[in-house]
Each structure stands twice: as C-alpha cells, then as structure tokens.
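One-letter residues, chain by chain:
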Amino acid sequence: MGFPKTRMRRLRRTEGVRALVRETTLEPADLVLPLFVEADLSEPAPVKTMPGVQRLPIAHAVDAAARAADAGLGAVLLFGTASKKGPEAPEAYDPQAAVPRALEAMAARVPDLPLIADVCLCAYTDHGHCGVVRDGEVHNDESVELLARTAVTYAAAGAHVVAPSDMMDGRVQAIRTALDAAGQSNCSILSYAAKYASAYYGPFRDAQDSSPQFGDRRSYQMDPANAREALREVQLDIDEGADMVMVKPALAYLDVVRAARERFDVPIAVYNVSGEYSAVKAAAAQGFLDERGVVLENLLAMRRAGADFILTYHALDAAGWLG
Ligand code: PBG
Ligand code: ZN
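Since we're looking at a predicted model, the values are computed, not measured.

**Q** I'm lost on the overall build of the protein in this one. Help?
**A** Tallying secondary structure elements over the protein gives 11 helices and 12 strands in all. Judged by the C-alpha coordinates and their principal axes, the protein covers about 70 × 45 × 40 Å. Across the 323 residues that make up the protein, the buried fraction comes to 53%. Across the protein, every contact between residues at least 6 apart in sequence was considered, and the portion connecting residues at least 24 apart equals 76%. Carbon together with sulfur atoms contributes 49% to the accessible area of the protein, which is approximately 14600 Å² in total. For the protein, the centre of its 33 positive side-chain charges and the centre of its 43 negative side-chain charges are spaced 11 Å apart.

Printed below as a string of structure tokens:
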C-alpha cells in the first residue's frame, strides 16, 4: 500500500483539506497572559530584558486585564513586585499589597475573566529565595506556612486560581487546607508541579527583581536531567489537592508535558517562560527569525505535546495573529 497508492500530499493540497485533518488547535482561549503589577509606579516601566513587557501600575494592569478579556484570552496570571522586602516576605501576604489590590479591581472590571495569582515569596524576600532562610538553607515547612497565608490573601481578594511556584514540599496540601479553612473552597490550585531549575528564567528575575542574593534554586527546583521525577511531583500534587498542574519551562521540556499527559487526566498547563520569549524577540528584532511564524509554531508545539493551556508573554500578539 505504499507509493503510488498512498500519496500523503493529497491531504495537504488545499487549506480546506488541511484544516479538515488538522490534529491540534490553538486558540486565544488556550493562552494566559502574565502581568507584573507594582503599587509604587506612576507609569509603566519597560522590562529591559523582555522587549514589549512592562511592569504596570495597578490601574494599567486592570486595563491590560480588560484587553486580555477582549482578545478572548483564557486568563491572566498576576505577579507582584515588592515595595518593601524582608526576610519573611512581609508583603506577600499583605492584603494592601499590589497583587490583592489589582485582583479586587480586576474582579470588578472583568468579572468573567479567570484571575490566576502566582504564589511565591521570592519577589518579597530580601534574599530573593522562594522561601524563608534558616541557617543558610531554605526552610521547607516554615516557608509553606507563609505560602498558605499568601494564597488565602489572594483568594480573599478575588483570585479564582492560586498558582504556587515555590517548589516547597507539601505546599499544595497546606494551601488547600488553609483555603478551605478560610471559606475559600471555590478557589482552585494550579501547581507548578514540575518546575525545573532553568537558565531560562533570567529575564523574569530582572522583571520581578527576584534573583537569589546567594546560591541558586537547585535545592528546591528540579534537576533538568530528570523526567521520571517530574511524574512523581505531578502525582504528589494531585494527591495533595491540585486541580491543575504545570510543567515549566516549555520548549526544552515538551517530553515531560507529553509524559504527564499520557499518565494524568487533570488539566495540564505549560509555561512558555521569559527566556524563551526573549530569545525569540531578540532574534526577530535582528531580522534572524519571523516572529509571528516562530511564536505560533512554538505555541502549537506546546499544545501538540499535550498542554491544555499555555502561560505566555506572547498571548496578546498571538491572539491578534490567530484572529
Ligand atoms: C518565581 C517564579 C519564577 C518564574 C515564575 N515564578 C522564576 C524563578 O523561579 O526563579 C519564571 C517565569 C519566567 O521565567 O517567565 N517563583
Ligand atoms: Zn519564587
């Protein structure tokens, strides 16, 4: 039944036929736009390492959420930049900080848009680690307590989803328990379950001013060499009560997305991280790559690998290109 009976090109001849047999879809609703919110700003502040991305005053972030809703995006994901940092991340769970205030305003302005709040301490600690430091080490269980408080603060402010990105053990269970105890049983958890210690986060740390001041994150984020371990992380987070799980970064880890897709039935997200974004933007700015073509191809590959939705700084541009 090989050539000449089988001619694969028959189903590639026209756009109509190609559309009929297309296996994977990519739509604006599959995309989530990350936003950086900072209370003290009066004007948007460009992030030097991420062309086209800005840190936003609260009012501008709310406008951006409205644009995301108009573009048909699936959700927005909020990150805060701290005004005052401290060893115990005081602003992370302060209801008057930028993220809770932005959540309240967004919930009022765009009530139908899902609001996801990233939960971590690294933007709020003076040492830049994702947890509390004791004797030179990130202390797991003390960090988990503060993360749970942070998640409750965001849920109370209107987050539909909290997304812990810290990689402490047991945080999903602690957050679920704390949310339920606070009467926030409708708030869901998207866990950064398989988050790798990646060089691709560099530009983001510039945006959020969250670089560790000593050491690195390898004692809590995953070793890029490990894929089976990622499945254990995903399993644990599901057992602890995660409603959705994430793999991060995206492109270098699509094998992990595929493996998780085959094993688990919860919604799976993938994070197209800052370094992946900035690499494409820099190459496109030089005229080395066609931005639109490369971005849509990358996003489609993430969906083909099995991701239900994608967190990406390209979200608004991609939604525009998808029409
Ligand atoms: C903080 C956090 C990071 C990202 C999301 N949440 C950075 C890190 O872990 O150092 C990365 C996002 C990106 O690079 O786009 N916990
Ligand atoms: Zn962190």
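**Q** What's the story with a nonpolar patch on the surface in this structure? I'm lost.
**A** Together, L11, L20 and V21 give the surface a local cluster of nonpolar side chains, amounting to about 310 Å² of exposed area. The residue L20 is located in helix α1 (residues 15-20) in this model.

**Q** Please explain the site of ligand 1 as it appears in this structure.
**A** In the vicinity of ligand 1 there are 18 residues, among which K195, R205, K248, S274 and Y313 approach most closely. One nitrogen or oxygen atom from the side chain of Q221 is found 2.8 Å from an oxygen atom belonging to ligand 1. Residue K248 places a side-chain N or O atom 3.4 Å away from a nitrogen atom belonging to ligand 1. Contact with the protein chains covers 100% of the free accessible surface of ligand 1, which is 410 Å². The pocket occupied by ligand 1, as judged from atoms lying within 2 Å of grid points, is the largest cavity. Grouping the amino acids of the shell around ligand 1 by side-chain chemistry returns 10 nonpolar, three polar and five charged.

**Q** When you look at the pattern of salt bridges in this model, what are you seeing that I'm missing?
**A** Between side chains of opposite charge, pairing is possible as soon as their charged atoms come close. On inspection of all chains with the given rule, the structure shows 16 salt bridges. Between R55 and E38 there is a salt bridge, and its shortest N-O distance comes to 2.3 Å. Within this pair, whereas R55 is found in strand β3 (residues 54-56), its partner E38 is found in the loop between β1 (31-37) and β2 (45-46), the two being separated by 17 residues in sequence. The exposure classification of R55 matches that of E38, with both residues buried. Overlapping salt bridges, with partners in common, bring together E15, R18 and R22 in one network.

**Q** Explain the packing of aromatic side chains here, please?
**A** The geometry of two aromatic rings is summed up by the distance between their centres and the angle between their planes. What the rule picks out here adds up to eight aromatic pairs. Seen from their ring centres, Y271 and Y313 are 6.1 Å apart, and the 45° between their planes marks the pair as tilted. With Y271 in strand β11 (residues 268-272) and Y313 in the loop between β12 (309-312) and α11 (315-322), this residue pair connects regions lying 42 residues apart in the sequence. For Y313, a relative accessible area of 7% puts it in the buried group. When the centroid spacing of 5.6 Å and the interplanar angle of 65° are considered together, the rings of Y277 and Y313 count as edge-to-face. Residue Y277 is found in helix α9 (residues 274-285), and its partner Y313 is found in the loop between β12 and α11; the two are separated by 36 residues along the sequence. By the burial criterion, Y277 is buried, and Y313 matches it. Aromatic rings pair up to connect F36, F79, Y192, F204, Y271, Y277 and Y313 into one cluster.

About the criteria used
Residues numbered from 1 in each chain as written. Chains lettered and ligands numbered in written order. Predicted model: local features only at pLDDT ≥ 70, side-chain atom pairs only at ≥ 80, totals over all residues. Heavy atoms only, no water. Helix = DSSP H or I, 4+ residues; strand = E, 2+ residues; numbered from the N terminus. Buried < 20%, exposed > 50% of the residue type's maximum accessible area, 1.4 Å probe, protein only. Contact = heavy atoms within 4.5 Å. Areas by Shrake-Rupley, 256 points an atom, 1.4 Å probe, with all protein chains shown as cover. Lys, Arg positive; Asp, Glu negative; His and termini not counted. Charge placed at Lys NZ, Arg CZ, Asp CG, Glu CD. Patch = residues over 30% accessible without salt bridge, like charges linked within 9 Å, V, L, I, M, F, W, Y side chains within 5 Å. Salt bridge = Lys/Arg side-chain N within 4 Å of Asp/Glu carboxyl O. Near = heavy atom within 4 Å. Polar contact = N/O pair within 3.5 Å; in protein donor to acceptor, adjacent residues only side chain to side chain. 1 Å grid on protein atoms, 1.4 Å probe; cavity = no way out; pocket = protein on both sides within 12 Å on 5 of 7 lines; lining within 4 Å. Sits in = over half its atoms within 2 Å of the grid points. Nonpolar A, V, L, I, M, F, W, Y, C, P; charged D, E, K, R; others polar. Phe/Tyr/Trp six-rings, centres within 6.5 Å; stacked < 30°, edge-to-face > 60°.

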